Amino acid sequence: MALNPSNTPTRLAHSPRTVALAGLVALAVAMGIGRFAFTPLLPMMLHDGVIDLPMASWLASANYLGYLVGALLCTFQPRIWARLRWLPVVRHTTWIRAGLTATCVLTLGMALQWPPVWPLLRFAAGLASAVVFVFTSGWCLARLAALGQP
């Protein structure tokens, strides 16, 4: 926060570099954790007999299905909000923060020794990472456009 001449707080404008870096980190977390954190663990889980190859395929499919559903929900989000006017309007940054938190928590939930829940966790992690991907991209592009930057 900075002070303007009237001593009231104002928000500092984000530089294009800050916007790009914030977008990069958010996308790296959403994609790196939400979609690919499971991949390096898979060989160890297979070797230890925690899961078999068909279960691993189901987990991957659940994650990709969640990603697809999340992307479609983001696509139709304006229409959903237009029809359900009682829903509060949520800022892009709120969606991004919630999605990043959910992605991390849901991926961490894979440590639970309850295999029947794993597909649901992978689906929800995929959905959350899709929300982060779509809303982060939109936020970054809108901020850069407002700053007159490519």
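Our subject is the structure that appears above.
Residues numbered from 1 in each chain as written. Predicted model: local features only at pLDDT ≥ 70, side-chain atom pairs only at ≥ 80, totals over all residues. Heavy atoms only, no water.

**Q** Help me get a handle on the nonpolar core, residues and values and all.
**A** Listed in full, the 12 residues of the largest apolar core are Val19, Ala26, Ala30, Cys74, Ile96, Leu100, Val131, Val132, Phe135, Trp139, Cys140 and Leu144. Looking at this core, the elements with two or more residues in it are α1 (16–34), α4 (92–108) and α5 (118–146). Counting residues per element, this core draws most heavily on α5, which supplies six residues. Once residues within four sequence positions are removed from consideration, valine 131 is found in contact with Cys74, Trp95 and Thr136. Leu106, Met110, Trp118 and Leu121 belong to the second-largest nonpolar core, a separate cluster that totals 10 residues. (Core = buried A, V, L, I, M, F, W, Y, C linked by side-chain atoms within 4.5 Å. Buried < 20%, exposed > 50% of the residue type's maximum accessible area, 1.4 Å probe, protein only. Helix = DSSP H or I, 4+ residues; strand = E, 2+ residues; numbered from the N terminus. Contact = heavy atoms within 4.5 Å.)

**Q** Residue-level account of α5, with values.
**A** Taking 1.5 Å as the rise per residue, α5 with 29 residues should run 42 Å; its terminal C-alpha atoms sit 41 Å apart, in good agreement. Glycine 148 sits one or two residues past α5 and shows a positive phi near 70°. (Expected span 1.5 Å × (residues − 1).)

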